[in-house]
Amino acid sequence: MKQLDINRKGNIYIAAFLTIIALLIILAINSCKKPNDHIGVVVSESTLSKSPVLLHFANANNSSTLQPGDFDVAITGKDSALVQMDGGATSNFRTSHGFLPLSLLSTAQPSATNPVTFNISAQIPGFAPVVQTVTITSDTATIVDVAAIEYANPAKGSATFTNQLGLTDGTSSGATINVPSSAGMVESASVTILAGTQMLDKGGNLIDAARLTSNIVDYSAVSPTSYGAFPGGFSPTNVVDASGNQVNGGNAINFVSAGLLSIKMTADGTPVRHFSKPLQVSMKLDPNTTNLTTGSNIQAGDIVPLWSLTEETGQWKSEGNVTITSDNSGNLLANFQTSHLCCFNLDWTWTIKGHPYGTCFTPLRVNIHCGAGHSGVYDVTIVTPNNQYLAGAHGEFVHDGDVVVFPYVPSIAQCKVVISDYNLYLNPGLPILAQTILFNPCTQGSIDLSWGAPAVPQFININLNISGHCSNKNVNVLPSGWMLLYDATAAQNHQCAWTYVFVKNGVILYAFGTPVTGSNNNFSIRLILGHQFFLYTYNSGEWYASPEFTLVNHNFTFPAINGLSGSCVYDAGSNSLNITAVYSVHCH
């Protein structure tokens, strides 16, 4: 899953739509029983914090009905002590409905030269472990989307396999666990346990157990439905060499993967971390994988670095190099041994900051030509000829004449730029919508990306006037926190459905996903006529949700649920739907 930096243009566009979320969401929260009661005082519910961060955990398989729900999240790393939950808690981090709102303490001073970096990790029931590094460089809002692989229903381009083997007093008689290919991938893997191998815990102690359970996930490097869920992401900062020394001074390095394998084992429920004899691991690779060093498809004799991930800390460690070989059938294999368990990633690397290497410092301009029907928030991404992720502008407001500038690019013989629905890596089932020809990013300078123009959807202008009321204290509340808007119709069409808005004291500060305009609790946005929406918010440990409602071009009453009251008046002359609503909260 990837961190979404606020894009200069995307900010404006996103700030708009997310506002609807913010305001409509407020709409959706509990309403006042007596909205006309006299208001004695105006107060703010905002907490003293900065750099709001919203983590959104989602199933990498967008066709699955199972989504991450409520679970514990570990916050570790260099600056973890500066992180707090919505409401001010600095420990016992826990999601609600897959969302975790965070922020930094007021004492934090994030900047480009002094970034605040921390790691998140979670063991989500039914999913492979997730790990993500978060880097904050300013006092602005950040969205971090984290895709998780469901063991029972993996995303296309990933394979999962669960196996049980007998043990004698914690010792194996020997076995080979084969992970077959699944839909959308060529890759497969095998793990061989030698006879006499003892299962050891984190401290290196023998686990006296009778049964070994293995959960293995094989991730394709060339399938966006898979690499969107790569544990740890593609720009880690916590990276060490084989001796444990920090790589690149703590600055991020960029991974370009040839494949990843996650291996988890338990012996009668106790996590297995080490073995008395090394496991033999073999990864079959897709021959249509680009070698970053050569710029060509991989072949026998190529060398690719191997990295392991400590999931609790988000730290990657160099495990040396692997030489790709071929078997009698011509399959390309990466074979290695390991005496510990984790995620193993085959990656070439390049860096921009610290001690740059593999980098061209010539800017690349991407000139976008598209029709009005394609204006919106999308991802604009540089990928290899085989679609391996290299770099991206996430949440870009794409329109005809838009120019996306990448100040630095990887040094590779050929690449292409693609457009995909925002965010490809949160909802990896989304296809590539448009792409350029192949080109050399170091010498190109400028590239045109053309996209056809379908019929423009019919929009309706939305004007919102939202207020909150503390009925127990007879005061007016200016809302603060994250507001979430879910476009159910877009989701059914396999399009990006989520929009995020951060509101402080009733004012939209940041938005991701759609444009919003307005101030002083009066906001205006454009939405697609006929689409169905839900509004959500998560504040001070409480989750609020609206009923589903449809945007129509006539007067209607906002669905009455949880005491919500609201009226919607349509003005045909301006094609505007004017929504006035009051919600109630309990003030402490």
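Residues numbered from 1 in each chain as written. Predicted model: local features only at pLDDT ≥ 70, side-chain atom pairs only at ≥ 80, totals over all residues. Heavy atoms only, no water.

Peer 1: Just checking my understanding: could you explain unusual backbone geometry for this structure?
Peer 2: Most of the time, phi is negative for any residue but glycine, and the peptide bond is trans. The backbone of Ser51 shows a phi angle near 50°, a positive value even though the residue is not glycine. Looking at the element boundaries, Ser51 is found in strand E3 (residues 50–59). For Ser51, a relative accessible area of 0% puts it in the buried group. (Helix = DSSP H or I, 4+ residues; strand = E, 2+ residues; numbered from the N terminus. Buried < 20%, exposed > 50% of the residue type's maximum accessible area, 1.4 Å probe, protein only.)

Peer 1: I'm lost on the sheet that holds strand E8 (residues 130–136) in this one. Help?
Peer 2: Consider a sheet: its strands pair through backbone hydrogen bonds, and that pairing is either parallel or antiparallel. Spatially, E4-E7-E8 is the arrangement adopted by the three strands of the open sheet, whose pairing is antiparallel. The two strands at the open ends of the sheet, each matched to only one other strand, are strand E4 (74–76) and E8. The sheet shows a mean angle of 25° between the axes of neighbouring strands, taken without regard to direction. (Pairing = 2+ DSSP bridges. Axes fitted to C-alpha atoms, helices over the stretch in contact; angles between N-to-C directions.)

Peer 1: How do you make sense of the state of the cysteines when you look at a structure like this?
Peer 2: Every disulfide links exactly two cysteines, by a covalent bond between their sulfur atoms. This structure, assessed with the given rule, holds one disulfide. Free of any disulfide, Cys343 has its nearest cysteine sulfur in Cys342, 6.4 Å distant. Note on Cys343: relative accessible area 0%, which makes it buried. (Disulfide = S-S within 2.5 Å.)

Peer 1: Looking at this model, I keep getting lost on the sheet that holds strand E30 (residues 416–421). Mind explaining?
Peer 2: Taken in spatial order, the four strands line up as E27-E26-E30-E31 in an open sheet, and their pairing is antiparallel. Strands at the two margins of the open sheet, each flanked by one partner only, are strand E27 (389–398) and strand E31 (432–435). For this sheet, the mean angle separating the axes of adjacent strands, direction not counted, is 25°. In this structure, strand E26 (residues 376–383) lies alongside E27, joined through seven bridges in antiparallel fashion. Bridge assignment links Ile382 to a residue of E27, and that residue is Ala391.

Peer 1: Even after reading the chapter, I still don't get the packing of aromatic side chains, so can you show me in this structure?
Peer 2: Here the distance between the centres and the angle between the planes together describe a pair of aromatic rings. Applying the stated rule across the entire model yields ten aromatic pairs. Measuring from centroid to centroid gives 5.1 Å for Phe99 and Trp498, while their planes differ by 70°, and the two rings are edge-to-face. Within this pair, whereas Phe99 is found in strand E6 (residues 99–104), its partner Trp498 is found in strand E36 (residues 498–504), the two being separated by 399 residues in sequence. Accessibility classification places Phe99 together with Trp498 in one group, the buried group. Aromatic side chains Phe255 and Trp307 sit 5.6 Å apart centroid to centroid with 45° between the ring planes, which places their arrangement in the tilted category. (Phe/Tyr/Trp six-rings, centres within 6.5 Å; stacked < 30°, edge-to-face > 60°.)

Peer 1: Help me understand the pairing of strand E23 (residues 343–350), please; the structure alone is not making it clear to me.
Peer 2: One face of the sheet, then the other: side chains in a regular strand alternate in exactly this way. Within E23, eight of the eight residues are buried, leaving the element largely enclosed by the surrounding structure. Side-chain alternation along E23 places Cys343, Asn345, Asp347 and Thr349 on one buried face and Phe344, Leu346, Trp348 and Trp350 on a second face that is also buried. In the sheet, strand E16 (residues 254–267) pairs with E23 via eight bridges, with the strands oriented antiparallel. Paired with Gly259 across the bridge in E23 is Leu346. Sheet topology places strand E19 (residues 303–310) next to E23; four bridges connect them, and they run antiparallel. The partner of Leu309 across the bridge, within E23, is Cys343.

Peer 1: Would you take a moment to explain the environment of Trp451 for this structure?
Peer 2: In this structure, Trp451 sits in strand E32 (residues 446–451). Sequence separation of Trp451 and Cys370 is 81 residues, and the distance between their C-alpha atoms is 4.7 Å. If we ignore the near neighbours within four places in the chain, the residues touching Trp451 are His369, Cys370, Gly371, His374, Tyr378, Ile419, Leu433 and Ala434. Among the polar contacts listed, one links the side chain of Trp451 to the side chain of His374, at a separation of 3.1 Å. (Contact = heavy atoms within 4.5 Å. Polar contact = N/O pair within 3.5 Å; in protein donor to acceptor, adjacent residues only side chain to side chain.)

Peer 1: Explain the environment of Ile263 to me, please; I cannot follow it from the model alone.
Peer 2: Within the fold, Ile263 resides in strand E16. With residues near it in sequence (within four places) discarded, Ile263 still touches Val191, Asn215, Ile216, Val281, Leu341, Cys342 and Phe344.

Peer 1: What's the story with the environment of Pro431 in this structure? I'm lost.
Peer 2: Looking at the element boundaries, Pro431 is found in the loop between E30 and E31. Look at Pro431 and you get partly exposed, because its relative accessible area is 46%. The spacing of Pro431 and Pro224 is 207 residues in sequence and 8.6 Å in space, taken between C-alpha atoms. If we skip the residues at most four places from it in the chain, Pro431 touches Ser420 and Asp421.

Peer 1: I tried to follow the pattern of salt bridges on my own but got confused; where do I start?
Peer 2: A pair can form between side chains of opposite charge whenever their charged atoms are brought close. Counted under the stated rule, the structure contains two salt bridges. Salt-bridge contacts for Asp72 lead to Arg94; the nearest nitrogen and oxygen are separated by 2.9 Å. With Asp72 in the loop between E3 and E4 and Arg94 in the loop between strand E5 (83–85) and E6, this pair connects stretches of sequence that are 22 residues apart. A residue is classified by how much of its surface remains accessible, and Asp72, at 52% relative accessible area, is exposed. The partner of Asp79 in a salt bridge is Lys78, and the shortest N-O contact between them spans 2.6 Å. Among the residues examined, Asp79 registers a relative accessible area of 13% and is labelled buried. The class of Lys78 is exposed, set by a relative accessible area of 62%. (Salt bridge = Lys/Arg side-chain N within 4 Å of Asp/Glu carboxyl O.)

Peer 1: Would you take a moment to explain the side chain of Ser158 for this structure?
Peer 2: Along the chain, Ser158 turns up in strand E10 (residues 158–166). On the basis of relative accessible area, Ser158 is assigned to the buried category, the value being 1%. At a separation of 2.6 Å, a polar atom in the side chain of Ser158 contacts the main-chain carbonyl oxygen of Ala155. With near-sequence residues (within four places) excluded, Ser158 lies in contact with Ile149, Ser182, Met185, Asp218 and Ser226.

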